[in-house]
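Summary of the model geometry
The residues making up each chain are set out below.
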Amino acid sequence: MLVLGTFNRKKGEELAGLLEVPGVRIATLADFPGVRPVEEEGASFAENARRKAAGYARQIGQWVLADDSGLVVDALGGRPGVESARYAGPGADDAANRRRLLTELADVPWEHRTARFECHLALADPTGAIRAEAHGQCRGRIALAERGSQGFGYDPLFEIVEYHRTFGELGPVAKGRLSHRGRAIEQIRLLLISHCLLERA
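Residues numbered from 1 in each chain as written. Predicted model: local features only at pLDDT ≥ 70, side-chain atom pairs only at ≥ 80, totals over all residues. Heavy atoms only, no water.

Quick look at the packing of aromatic side chains
On inspection of all chains with the given rule, the structure shows four aromatic pairs. Here the aromatic residues F117, F158 and F167 are joined through ring pairs into a cluster of three or more. For the cation-ring pair, R100 lies above Y87, with the distance from its terminal atom to the ring centre recorded as 4.0 Å. Here the guanidinium or amino end of K175 rests over the ring plane of F167, the centre of that ring lying 5.7 Å away. (Phe/Tyr/Trp six-rings, centres within 6.5 Å; stacked < 30°, edge-to-face > 60°. Lys NZ or Arg CZ within 6 Å of the ring centre and 35° of its normal.)

Okay, structure coming up:
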């Protein structure tokens, strides 16, 4: 069994769809009642991914693949970064985070709205030891307004320049091929297979 270290239903569905490791049962933290959230207090995506993978693995005694991802906007000096999920404040939802981002970029011209999504994955064994890591990124721009209703988070604002479409417009197949998370998953899948980690789980 491989447990995805997230309580976010949409993120769990996306990760599971991208992973597709034959013969391996994939679960999420929702399948383990009583699991305590691991605080994301790291200064980087990599540090937070390691914290979550190790912390959840030790709690439930299973292999855990944890992800920490976020949006890095050049005109904002790298914000929201590791604060992406709570950019508009504690308990903020996706819509509130997007509104704050648009407000902060209101006077920034199109050519300077460059940004990237980053994803760091960490795989921990049942003792909490980190056994593999991967990183992926995807460059684009922040649209002037939300476009599209697919995906989650900042997807309706993140435009892939070559396609002139946001992730909210492109849909899951194209997003899986182009996204930061898709690229990181491709790396970790190869590591899982080459090291035979799941077969020993």
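Some words on the sheet that holds strand β4 (residues 114–124)
Sheet architecture is open: seven strands sit in the order β2-β1-β3-β4-β5-β6-β7, paired in mixed fashion. What marks the edges here is a single partner per strand, and that holds for β2 (26–28) and β7 (165–166). Bridge count for strand β6 (residues 158–160) against β7 is two bridges, and the pairing is antiparallel. Directly across from E159, in β7, lies its bridge partner T166. Docked against the sheet, helix α1 (residues 9–19) engages β1 (2–4), β2, β3 (63–73) and β4, running at close to 140 degrees with respect to β1. (Pairing = 2+ DSSP bridges. Helix = DSSP H or I, 4+ residues; strand = E, 2+ residues; numbered from the N terminus. Contact = heavy atoms within 4.5 Å. Axes fitted to C-alpha atoms, helices over the stretch in contact; angles between N-to-C directions.)

Examining the pairing of β4
Taking burial as the measure, the 11 residues of β4 include nine buried ones, the bulk of the element. Here β3 pairs with β4 via 10 bridges, running antiparallel. Bridge pairing in β4 links V73 to A115. Relative to strand β5 (residues 130–142), β4 runs antiparallel, the two sharing 11 bridges. (Buried < 20%, exposed > 50% of the residue type's maximum accessible area, 1.4 Å probe, protein only.)

A few points about the pairing of β5
Remark: five residues form the turn of the hairpin made by β4 and β5, two consecutive strands paired antiparallel; G128 in that turn has positive phi of roughly 95 degrees. Pairing geometry for β5 and β6, over two bridges, is antiparallel. Residue pairing for β6: R141 is matched across the bridge by E159.

Comments concerning the nonpolar core
Generally speaking, a soluble globular protein has its nonpolar side chains buried in company with each other. L71, V73, L101, L105, I142, F158 and F167 are the most contacted members of the largest nonpolar core, which has 17 residues in total. Of all the elements in the fold, those that place two or more residues in this core are β3, β4, β5 and β6. Residues within four places of F158 in sequence aside, it is in contact with L71, A115, R116, F117, C138, R139, G140, R141, I142, R165, T166 and F167. Residues L4, L19, W63 and A132 belong to the second largest nonpolar core, which totals 16 residues. (Core = buried A, V, L, I, M, F, W, Y, C linked by side-chain atoms within 4.5 Å.)

As for the side chain of K175
You can see K175 is positioned in helix α5 (residues 172–178). Not counting residues within four places of it along the chain, the set of residues in contact with K175 comprises E14, F152, D155 and F167.

Regarding unusual backbone geometry
Cis geometry is adopted by the peptide bond preceding P80, which originates at R79 and carries an omega value of 0 degrees. For P80, the position within the fold is in the loop between β3 and α3 (94–104). The phi dihedral of H164 falls on the positive side, at around 55 degrees, and the residue is not glycine. Within the secondary structure, H164 sits in the loop between β6 and β7. The exposure class of H164 is exposed, given its relative accessible area of 52%.

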